[in-house]
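Understanding the architecture of this molecule
Spelled out from the first residue to the last, the chains are:
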Amino acid sequence: DIGGGSMQMAFTDKKKKFHSYLGKFASVPFKNLVIEKIKNQDPTKTLSPNPLSPSEILDAIKLSQEESHRLPIEFKSKFKQKPAVVGIGGVFQYAILGQLISPAFPDKNSFTPLELKELLKLKENYKDEDFKSKFAATDLTNVMLVLGFMHGLGIEKVLLAACIVTGK
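Quick summary incoming for the structure in this document.

Cut-offs applied
Residues numbered from 1 in each chain as written. Predicted model: local features only at pLDDT ≥ 70, side-chain atom pairs only at ≥ 80, totals over all residues. Heavy atoms only, no water. Helix = DSSP H or I, 4+ residues; strand = E, 2+ residues; numbered from the N terminus. Buried < 20%, exposed > 50% of the residue type's maximum accessible area, 1.4 Å probe, protein only. Contact = heavy atoms within 4.5 Å. Expected span 1.5 Å × (residues − 1). Arc of directions from axis to C-beta. Pairing = 2+ DSSP bridges. Phe/Tyr/Trp six-rings, centres within 6.5 Å; stacked < 30°, edge-to-face > 60°. Core = buried A, V, L, I, M, F, W, Y, C linked by side-chain atoms within 4.5 Å. Axes fitted to C-alpha atoms, helices over the stretch in contact; angles between N-to-C directions. Parallel < 35°, antiparallel > 145°, perpendicular 65-115°, else oblique.

**Thoughts on the environment of isoleucine 2**
Tracing the chain through its elements places isoleucine 2 in the segment before strand S1 (7-12). Judged by relative accessible area, which is 7%, isoleucine 2 ranks as buried. Sequence-wise, isoleucine 2 and proline 113 are 111 residues apart; in three dimensions their C-alpha atoms are separated by 17 Å. Setting aside its immediate chain neighbours within four residues, isoleucine 2 contacts Met7, Ala26, Ser27, Ile88, Gly89, Gly90, Val91, Phe92, Leu145 and Val146.

And the structure:
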């Protein structure tokens, strides 16, 4: 689950023990890191990293991949077992799914690193207004955040889950 300010991961082991991770490396902190480390600008004065060149995109993916290596050992070990990975939360629902859905794929429920790379190629050098989104400042960096973690942890596919909340 990746949101604006936090990232959570959870799994149960063979002994049914629950393991959880709560990190602050999420949408907005990652966007700010890209502004600071890659654009060499002050994230308190520059609100968006866009546009991003192909080389800046690669550098941002590397930043995310490096962060994936800082996960606790039990999580890195779990990913080596190639478990099913299910993504929930705003980053997956809006930034990833929202940009991948098209008339050709209206019922998209998973994605691969290759699909994210293709999406990034399409949006190289996009300015905020090109995204036509209220999340334009993080739309592209969210894709790089997820792709970096997929590369760093060897994740070949992420399944998407939708959460529906009702008043009942």
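That was the structure; now back to the text.
**Focus on helix H1 (residues 27-38)**
The first and last C-alpha atoms of H1 sit 16 Å apart over 12 residues, in line with the 16 Å expected at 1.5 Å per residue. Within H1 the residues assigned to the buried category are Ser27, Phe30, Lys31, Val34, Ile35 and Ile38. Across the axial projection of H1, the buried residues extend over an arc of 140°, all falling on one side. For H1, the secondary structure elements touched by its buried residues are helix H2 (54-68), helix H4 (90-100) and helix H7 (136-153). Two residues or fewer after H1 comes asparagine 40, characterised by a positive phi angle close to 55°.

**What to know about the sheet that holds strand S3 (residues 86-87)**
Taken together, three strands build an open sheet; the order of strands is S3-S5-S4 and the sheet is mixed. Two strands lie at the open edges of the sheet, namely S3 and strand S4 (110-111), each paired on one side alone. Taken together, the two bridges between S4 and strand S5 (residues 158-160) define a ladder with antiparallel strand orientation. Across the sheet, the residue bridging to serine 110 is leucine 159, located in S5.

**Things to note about the packing of aromatic side chains**
Throughout the structure, instances matching the rule amount to seven aromatic pairs. Between the aromatic rings of phenylalanine 11 and phenylalanine 75, the centroid separation amounts to 5.0 Å while the plane-to-plane angle is 85°, which identifies the pairing as edge-to-face. Residue phenylalanine 11 is located in strand S1, and its partner phenylalanine 75 is located in helix H3 (residues 73-80); the two are separated by 64 residues in the primary sequence. Residue phenylalanine 11 shares its accessibility class with phenylalanine 75, and that shared class is buried. Among the aromatic residues, those joined into a ring-pair cluster are Phe11, Tyr21 and Phe75.

**Some points on the nonpolar core**
One finds Ile96, Phe111, Leu116, Met144 and Val146 to be the most contacted residues of the largest nonpolar core, which totals 43 residues. Within the residue set of this core, elements represented by two or more residues are S1, H1, H2, H3, H4, helix H5 (113-122), H7 and S5. Here the element with the most residues in this core is H7; it accounts for 10 residues. Those residues within four positions of leucine 116 in sequence are excluded, and the remaining contacts are Ile96, Leu100, Phe111, Val143, Val146, Leu147 and Met150.

**A word on the packing of H1 against H7**
Two quantities define a packed helix pair, namely the angle between the axes and the distance from one axis to the other. Running from amino to carboxyl end, H1 crosses H7 at an angle of 95°, the nearest separation of the two axes being 9 Å. Between H1 and H7, the interaxial angle falls into the category roughly perpendicular. Of H7, the residues touching H1 (which contributes Ser27, Phe30, Lys31 and Val34) are Ala137, Thr138, Thr141, Asn142, Met144 and Leu145.

The values are spatial; any link to function lies outside them.
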